[in-house]
Amino acid sequence: MTSILEQLKDSVSNALVAAFGAEMADKDPLVAPTNNPKFGDYQSNLALSLAKPLKQNPRAIAQSIIDNLEIDDMCETPTIAGPGFINFMLKSDYVGSLLQKIQPDERLGIERVESADKVIVDFSSPNIAKEMHVGHLRSTIIGDAIARILEFRGYDVLRLNHVGDWGTQFGMLIAYLREAYPEALTTADALDIGDLVSLYKKAKVRFDEDEEFKQTAREEVVKLQAGAEDSRRAWKLLCDQSRREFQVIYDLLDIKLEERGESFYNPFLADIVSELDEKGLLEKSEGAMCVFLDSFTNKEGDPLPLIVQKTDGGFNYATTDLAAIKYRIKEDKATRIIYVTDSGQANHFAGVFQVAKKAGILPESVETVHVPFGLVLGKDGKRLKTRSGVTVKLKDLLDEAINRAKNDLETRLKDEERKETPEFIDRVAQVVGLSAVKYADLSHNRTSDYTFDYDKMLDLKGNTAPYLLYAYVRPQGISRKGNIDFSKLDNKTNIVLAEKEELALAKHILQLEEIIKEVESTLLPNRICLYLFELSQKFNQFFEECNVLNAEEPQKTSRLILADLTARTIKLGLSLLGIEVLERM
RNA sequence: GGGCGAGUAGCUCAGUGGAUUAGAGCAUUUGGCUACGAACCAAAAGGUCGGGGGUUCAAAUCCCUCCUCGCUCACCA
């Protein structure tokens, strides 16, 4: 369905051409939702921006536009306010007819994109042989939400997990494995990940302290990269065990990912370097092969290099990322590649994208975009750590949220003298706990750091997951109490929107499409959160003022449809964020 | 020192095409359950949008400058 906003934009553009001639056709109609409901639903600031070029009074221009508008079916006659704003107020009949139109549609009238372009979302990316920790939280949650939103819009999304499964640390690990746990190399499942993590730490200590061990580790890297069979077996063992543990988290969070680690691009790295050389971009500097960047300088003001081959001949992540760009464009046919990593990598990606463009690997027709996000902070305003000062494991963090949700729920059940089964309690606690963590993350503007606070995210009040989940449960309560099957509601009766709460709720429901389209380009999921929070508030106001079950027809059916559409909008919106709903809580 | 980002109510944060009186939530104070779940709603109070300049009829938003904080600055990713 064409959104109201787009229809208005088209109408204003047409009116502009009718009033001032065809040369105005490309002029942006500057239509946007009003920031204050008393100015109506939408406004156009067009007349003000035309005052100078047309050398006319903006109010007169506004009047000419209004005179040429053909929107009687949608809006009341637009009014001119202040210096020349055009304010639009939707007609309630029109709003009702739109609701009626989307009511039978599973997608709630939201369009798919015309061509299913391939989009890659690169997110999560933990490191093999390490546990997932709080540092992976945001990439995983934000990346998944972005992927879900683009999938819903109809893009062909490839979700890639660019795991750290290659590099110098493996020499160290394999060397230590041989030394300390030789049986792990021959016996399946001889280690679990807990051992693997402590193994990593011990290996690191050996590596830092013992020169001889360091040398062995380096040789092990060479053997691995050369494809020595027992080294590869050890490497694979490490990867498999890590992968299993990652999967526990992904299952818990309901996240689907295709693993394609750094090692995947290994065969292409040497070619990338020679390609850069052929293009004349390569320079040797302090022993390393580099491409020098435009507009990036170091402390002394000299140009900064992107190192693609280290002094020891090895490749690094810049090389891998260049190879990945090439592969993703040539083989995967991606037209948009989205990297969800922390903002600390902004320079790295800027450099890689610049070199890829210079080298002709990255054509104009493909968009690469770094989607940065800020740090997760503790209440002290510093990077989130445990009380003992170590990094918080992701599993522990999620379990804590679920446990707190469970305690809250049990306290409330006791207060209200409600009895529920242990299965119900566990299920509600899990959904509430996980959705609270996800929603807290997604509802903040991702570019800034955010403060992690269990009490706030699990609060039943305010812009939190529990508040939204409750707003979903309330319409379901109406359905149960009234013994009404929402899917069998009469769709023939005109929807009546007499009360201001009804109208406000209805208009808000219809805005989801605009929001989704906006997020599709800005990749800022917090816009969806804000939308859903406002929807929930409007529903609660409606619920307070407009009794549904005791209303007379045709108002009763109208209100049932409103309640159902609200619930389905919340459910759909939350699903785009990777959050489930509950029928009761 | 360079680059990037941030600084908006006591706290957590919205505000991405400059525009009509700067928003929300939490916390605080007050009112509302003999009506579909009060896990709710209503109302009050709370801000020189870090400081200073500039552009504009109009700036939290654009430009300049300064201050504070964070991230980052060649062989880790």
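What you see is a predicted model; the values in this text were computed from it and never measured. (Residues numbered from 1 in each chain as written. Chains lettered and ligands numbered in written order. Predicted model: local features only at pLDDT ≥ 70, side-chain atom pairs only at ≥ 80, totals over all residues.)

How do you make sense of the UniProt feature "short sequence motif: 'HIGH' region" (unreviewed entry) in chain A when you look at a structure like this?
Within this numbering scheme, the UniProt entry marks residues 126-136 as carrying the feature "short sequence motif: 'HIGH' region" (unreviewed entry). As annotated, residues 126-136 has a helix share of 27% and a strand share of 0%, and its two end C-alpha atoms lie 7 Å apart. (UniProt positions renumbered as here; feature names shortened; annotations may be inferred. Helix = DSSP H or I, 4+ residues; strand = E, 2+ residues; numbered from the N terminus.)

Got a minute to help me understand the nonpolar core in this structure?
Generally speaking, a soluble globular protein has its nonpolar side chains buried in company with each other. Ranked by internal contacts, the top residues of the largest apolar core, which has 133 residues, are Ile-65, Ile-146 and Ala-436. Here this core takes 10 residues from helix α14 (residues 422-442), the largest share from any one element. Residue-level mapping places this core at the junction of two domains, with at least three residues from each of domain 1 (4-90) and domain 3 (394-576). Not counting residues up to four positions away in its chain, the partners in contact with Ile-146 are Val-121, Ile-338, Val-340, Val-371, Leu-523 and Pro-525. Counting 24 residues, the second-largest nonpolar core is a separate cluster that includes Ala-129, Tyr-176, Leu-199 and Ala-234. (Core = buried A, V, L, I, M, F, W, Y, C linked by C-beta atoms within 7 Å. Buried ≥ 20, exposed ≤ 12 C-beta atoms within 10 Å, placed from the backbone. Domains from an automatic or database assignment. Contact = placed C-beta atoms within 7 Å.)

Before we go on, may I ask you to explain the pairing of strand β6 (residues 156-161) in this structure?
A regular strand places its side chains on the two faces of the sheet in alternate fashion. The sheet contact formed by strand β5 (residues 118-122) and β6 spans 5 bridges and is parallel. Bridge pairing in β6 links Val-119 to Val-157. The pairing of β6 with strand β7 (residues 258-259) spans 2 bridges and is classified as parallel. If you follow Leu-160 over to β7, its bridge partner there is Glu-258. (Pairing = 2+ DSSP bridges.)

What is the right way to read the packing of helix α10 (residues 269-278) against helix α11 (residues 317-330) from this model?
To characterise two packed helices, one gives the angle between the axes of the helices and the distance between these axes. Across the interface, α10 lies against α11 with an axial gap of 9 Å and an inter-helix angle of 90°. Taken together, the axis directions place α10 and α11 in an arrangement best described as roughly perpendicular. Contacts between α10 and α11 involve Leu-269, Ile-272 and Val-273 on the former and, on the latter, Thr-319, Thr-320, Leu-322, Ala-323 and Lys-326. In terms of residue class, the contact of α10 with α11 is built from 5 nonpolar, 2 polar and 1 charged. (Axes fitted to C-alpha atoms, helices over the stretch in contact; angles between N-to-C directions. Parallel < 35°, antiparallel > 145°, perpendicular 65-115°, else oblique. Nonpolar A, V, L, I, M, F, W, Y, C, P; charged D, E, K, R; others polar.)

Even after reading the chapter, I still don't get the sheet that holds strand β8 (residues 282-285), so can you show me in this structure?
Sheets are built from strands paired through backbone hydrogen bonds, the pairs being either parallel or antiparallel. With respect to topology, 3 strands assemble into an open sheet ordered β8-β9-β10, the strand pairing being antiparallel. The strands lining the two open edges of the sheet, one partner per strand, are β8 and β10 (303-309). Strand-to-strand, the axes of this sheet are offset by a mean angle of 55°, without reference to chain direction. Together, β8, β9 (288-297) and β10 form the strand contacts of α10, whose direction differs from that of β10 by roughly 135°.

Honestly, the protein's contact with RNA strand B in this entry has me stumped. Any pointers?
The environment of RNA strand B is formed by 77 residues, the closest being Leu-48, Lys-310, Asn-445, Gly-462 and Gly-477. Secondary structure elements with two or more residues in the surface near RNA strand B: α2 (46-54), β4 (85-88), β9, β10, α12 (346-358), β14 (450-451), α16 (465-481) and α19 (526-545). Top contributing element to the surface near RNA strand B by residue count: α16, with 8 residues. By residue class, the composition of the surface near RNA strand B is 28 nonpolar, 36 polar and 13 charged. (Near = placed C-beta within 6 Å.)

Would you explain the UniProt feature "domain: DALR anticodon binding" (unreviewed entry) in chain A in this entry?
According to UniProt, the positions carrying the feature "domain: DALR anticodon binding" (unreviewed entry) are residues 468-585. Here residues 468-585 is 65% helix and 0% strand, with 12 Å between the C-alpha atoms at its ends.

Looking at this model, I keep getting lost on the packing of helix α6 (residues 168-180) against helix α9 (residues 229-253). Mind explaining?
It is at 10 Å that the axes of α6 and α9 come closest, and there the two elements cross at 100°. Relative to α9, α6 is oriented roughly perpendicular. Here Phe-170, Leu-173, Ile-174 and Leu-177 of α6 come into contact with α9, specifically with Ser-231, Ala-234, Trp-235 and Leu-238. Here the residues of the contact of α6 with α9 sort into 7 nonpolar, 1 polar and no charged.

What should I look at first to understand the domain arrangement of chain A in this one?
How large an interface is tends to be reported as the accessible area lost when its parts come together. You can read the domains of chain A as domain 1 (4-90), domain 2 (168-260) and domain 3 (394-576). Using C-alpha coordinates to define each centre, domain 2 is positioned 44 Å away from domain 3.

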